[in-house]
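One-letter residues, chain by chain:
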Amino acid sequence: MSKMYTERRQKLQEQLDKGLVLFLGNEESPMNYADNTYHFRQDSTFLYFSGIDRPGLALLADLENGEWTLFGNDLTADDIVWTGQLPSIKEYANQAGIKKTAPLADLKAILEVATKQGRQVNFLPPYRDEHMRKLCQLGIKGVGASVPLITAVSELRICKSSYEIAEIEKAVETSLQMHLTAMSMARPGMTEAQIMAKVTEIALAGGGLAFPVIATINGHVLHNHHYENVLKSGQLFLLDAGAETDTHYAGDLSSTFPVDSTFTQRQKDIYDIMLGSFLLAVDALKPGINFVDIHLQAAKKIAEGLKDLGLMKGDVEDAVAQGAHALFFPCGLGHLMGLDVHDMENLGEVYFGYEGRPKSTQFGLKSLRLGRKLKEGFVLTVEPGIYFMPELIDMWKAEGRHKDFINYDAVEAYRNFSGLRIEEDFVITATGSRRLGSPKPRTVEEVTAIRKG
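Keep in mind that what you see is a predicted model, and the values were worked out from it rather than measured.

Student: Explain the overall build of the protein to me, please; I cannot follow it from the model alone.
Tutor: Helix and strand counts for the protein come out as 16 helices and 15 strands. Compactness check: the protein gives a C-alpha radius of gyration of 24 Å against a globular reference of 22 Å for 453 residues, within 12% of the reference. C-alpha atoms of the protein, sized along the principal axes, occupy 70 × 45 × 45 Å. Counting across all 453 residues of the protein, residues that qualify as buried make up 52%.

Encoded structure:
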C-alpha cells in the first residue's frame, strides 16, 4: 500500500511548482466533555495521501526538494493505559512510504521560517473549527486556501483507480443489504427508529456508516434525521442509507417502498414517473456528456409525467428552462462519491464539480453538485426524486410563481403525498457506465415482491 500513497504524493508534486503543502489531520471531537468523543473520522484528503487513520497528525510537503514529513506525537504511558499500544509515528510513516517524521511541536517553527523566507504555505479549505484554530496557532493568518492546491487535489481524487472502485463496490454491497433488510421488515406499527437501528447494525458490522441514516415516512424532507414516527398503512417509506468500508470508501443508495405490501395507484403513478426519469438518466451516462444535460433530461421526463397527471401544464421545455419543475424536484440529480459520500464537497463544488465555473443561481439547479463533462473513472450517484412539500407549495402558490406551468388546484390533492426517490451508484467506463453492486429492486413489481416476501 505504501507504493500507492507514494505515487499519489508524487503526482501531486508534479502539478504544483513551489512552496509548502500542509495537510491537517482531524482530531477527536468531544460530545459533551473531552474524554467522551464522537466516532473518529480522519480527513479524507489526509487519508488519500497517507492512509493513516488516527488523530493528532499533520503532513507537510516541501515541493522544492520533494520531502514529505509526518508530524505527530508518540503515545505516552498515560495514553497507553486507555488506548493500548498503537504503532509509533515512525511506523505509521513507514506504512505510508514517508521517510521523515517529527514531533507536532516542530511544525510551527518550520512554517515560521518558511513564511519569513517568503515561501507560500498551501492548504485546503478548513471545514472544522479545529482546523481554523490550528492554522492561526501555526501562524498562518490573513491568507486563504490555495486554489492551485484545491484544483490539483480535485483532479487527482476525481477519477477512481481500480482499487478505489473495488472498495466503493464493497461499500455498495453492504449498503444493498441495508436496503433489502428495510424493505423486508417494515410494517405498520413499527417506528422509523427500529428500521434505522437495524440498517445501522448492518453498516457497523461491515465498516461503518457513510452518513447519518435517513429512514422516514416524510420523504419530502430531503435530509430527514428524525426517527420517532410510527409507520401507518397508506404511507410511503423512504430509506437513504449507505455503508463505508474500513478504508472509508462510501456507498449511497435510496429506496422508496409502501408501508403496506403494495403501492396504491397514486403512489404507483408517481413512482413510475420517477423511475422513468432514473432509467433515462442512467442510459445517458457516458464519457464526454455534461452531467447538467443529464440532469435537465431527467427533469423534463419528470415534468412530462406530471403534466400527463395534470399537475403541470404548458410547454415542458419552457417549464424546465424556467425552473418550474423544481417545485417537485428541488435538488440535483446526483453527486460524486468516493472517500466522501459527497466526494470532496469540502473543497468547493465550483472547483471539482464545475472546473472553476460558477454554478447556476436558479432554485433547484443551484443544488446540482456536479456540472461538468463526465470522464472514465468518475463514480457518481443517480437519484431523481419527486417531492410534495406543503410549505413550498403554499409559498409558490401565494406568490403565483410559475402559474403558467403548475396546476396548483390539482397539486393541492397531493400535498400530503410526501416524497420518493431512487438512488444507485455508477462508475463511468470507456463506453458508458456500470452499476456498482448487485441489482437492487427498482420497479414497482420488484419492490412489491420484496414487500410480500
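Student: Would you explain the pattern of salt bridges in this entry?
Tutor: For side chains of opposite charge, pairing can occur when their charged atoms come near one another. Considering all chains together, one arrives at 29 salt bridges under this definition. Across the pair Arg128 and Glu130 runs a salt bridge, and its minimum N-O distance is 3.6 Å. We note a salt bridge from Asp240 to Arg421, for which the minimum N-O separation is 2.9 Å. Note that Asp240 is positioned in strand E9 (residues 236–241) and Arg421 in strand E13 (residues 419–421), a separation of 181 residues in sequence. The class of Asp240 is buried, set by a relative accessible area of 5%. A single salt-bridge network, built from bridges that share partners, covers Glu155, Glu355, Arg357, Arg372 and Lys375.

Student: What is the right way to look at the layout of surface pockets in this model?
Tutor: Left-over empty space is what a probe sized like a water molecule reveals as it rolls over the atoms. For the largest pocket, the calculated volume is near 990 Å³. Lining of the largest pocket is provided by 35 residues; of these, Arg41, Leu209, Ala210, Phe211 and Pro212 occupy positions nearest its centre. Elements with a contribution of two residues or more to the lining of the largest pocket: helix H2 (44–50) and helix H9 (192–206). At three residues, the largest contribution of residues to the lining of the largest pocket is made by H9. Taken together, the residues of the lining of the largest pocket sort by class into 13 nonpolar, 13 polar and nine charged. Computed from the structure, the second largest pocket encloses a volume of approximately 580 Å³. Forming the walls of the second largest pocket are 23 residues, and the residues nearest its centre are Arg54, Pro55, Leu75, Leu86 and Tyr92. The leading source of residues in the lining of the second largest pocket is helix H3 (residues 77–83), at four residues. Tallied by class, residues from the lining of the second largest pocket come to 11 nonpolar, six polar and six charged.

Student: What is the right way to look at the pairing of strand E1 (residues 20–24) in this model?
Tutor: The two faces of the sheet receive side chains in turn, since in a regular strand these alternate between them. With five of five residues buried, E1 lies mostly within the body of the structure. Residues Leu20, Leu22 and Leu24 point to one face of E1 and Val21 and Phe23 to the other, with burial holding for every one of them. Here E1 runs beside strand E7 (residues 121–123); their pairing, made up of three bridges, is parallel. Across the sheet, residue Leu22 finds its bridge partner in E7, namely Phe123. When E1 meets strand E4 (residues 58–62), the two strands line up antiparallel, connected through five bridges. Note on E4: the bridge partner recorded for Leu24 is Ala58.

Student: Mind showing me how you'd approach H9 here?
Tutor: For an α-helix the count is 3.6 residues per turn, leaving residues at separations of three or four pointing the same way. Between the first and last C-alpha of H9 there are 22 Å, a value that for 15 residues agrees with the 21 Å anticipated at 1.5 Å per step. Listed in full, the buried residues belonging to H9 are Glu192, Ile195, Val199, Thr200, Ile202 and Ala203. For H9, the buried positions fall inside an angular range of 155° around the axis, keeping them on one side. Every exposed residue of H9 that faces more than 90 degrees away from the buried side is listed here: Leu204 and Ala205. Buried residues along H9 sit against helix H8 (162–185), strand E8 (214–216) and E9.

Student: Mind showing me how you'd approach the nonpolar core here?
Tutor: Side chains that are nonpolar tend, in soluble globular proteins, to be buried together. Of all hydrophobic cores here, the largest spans 125 residues; its most connected members are Leu12, Phe23, Leu70 and Leu374. Ranked by the residues each element gives to this core, the list is headed by helix H10 (residues 265–284), at nine residues. Every residue in contact with Phe23, bar those within four places of it in the chain, is listed here: Leu12, Thr45, Phe46, Phe49, Ala58, Leu59, Trp68, Leu124, Leu149 and Val153. Within the second largest apolar cluster, 15 residues are counted, among which are Leu20, Leu60, Ala102 and Ala114.

Student: Is there a simple way to explain the packing of helix H1 (residues 2–15) against helix H7 (residues 147–158) in this structure?
Tutor: Each pair of packed helices gets described by two things: the angle between the helix axes and the distance between those axes. Contact geometry of H1 with H7 gives a least axis separation of 10 Å together with a crossing angle of 140°. The orientation of H1 with respect to H7, classified from their angle, is oblique. Note on packing geometry: the crossing formed by H1 with H7 is right-handed. Residue-level contacts link Arg8, Lys11, Leu12 and Gln15 of H1 to Leu149, Ala152, Val153 and Leu156 of H7.

Student: When you look at the sheet that holds strand E10 (residues 253–258) in this model, what are you seeing that I'm missing?
Tutor: Reading across from one edge, E8-E9-E10 is the order of the three strands in this open sheet, with antiparallel pairing throughout. In the strand order of this sheet, the two ends are held by E8 and E10, each with one partner. Shown here is a sheet whose adjacent strand axes are inclined to one another by a mean of 10°, direction ignored. Across six bridges, E9 lies against E10 in antiparallel orientation. Looking at the pairing, Leu239 lines up with Ser255 of E10.

Student: What's the story with empty space enclosed by the protein in this structure? I'm lost.
Tutor: Under the definition given, this model contains three cavities of 30 Å³ or more. The volume enclosed by the largest cavity comes to roughly 140 Å³. Residue lining of the largest cavity: 13 residues in total, with Leu24, Asp43, Leu124, Pro125 and His131 positioned closest to the centre. If you list the elements that add at least two residues to the lining of the largest cavity, you get E1 and helix H6 (129–137). At three residues, the largest contribution of residues to the lining of the largest cavity is made by E1. Broken down by class, the residue content of the lining of the largest cavity amounts to nine nonpolar, three polar and one charged. Along the walls of the second largest cavity sit Val172, Leu176, Leu253, Glu424, Arg435, Leu436, Ser438 and Lys440, which together make up its complete lining.

Rules and cut-offs
Residues numbered from 1 in each chain as written. Predicted model: local features only at pLDDT ≥ 70, side-chain atom pairs only at ≥ 80, totals over all residues. Heavy atoms only, no water. Helix = DSSP H or I, 4+ residues; strand = E, 2+ residues; numbered from the N terminus. Rg over C-alpha atoms; globule rule 2.2 N^0.38 Å. Buried < 20%, exposed > 50% of the residue type's maximum accessible area, 1.4 Å probe, protein only. Salt bridge = Lys/Arg side-chain N within 4 Å of Asp/Glu carboxyl O. 1 Å grid on protein atoms, 1.4 Å probe; cavity = no way out; pocket = protein on both sides within 12 Å on 5 of 7 lines; lining within 4 Å. Points joined across faces, edges and corners; volume = space filled by probe spheres on them. Nonpolar A, V, L, I, M, F, W, Y, C, P; charged D, E, K, R; others polar. Pairing = 2+ DSSP bridges. Expected span 1.5 Å × (residues − 1). Arc of directions from axis to C-beta. Contact = heavy atoms within 4.5 Å. Core = buried A, V, L, I, M, F, W, Y, C linked by side-chain atoms within 4.5 Å. Axes fitted to C-alpha atoms, helices over the stretch in contact; angles between N-to-C directions. Parallel < 35°, antiparallel > 145°, perpendicular 65-115°, else oblique. Left-handed = near helix turned anticlockwise from the far one by under 90°.

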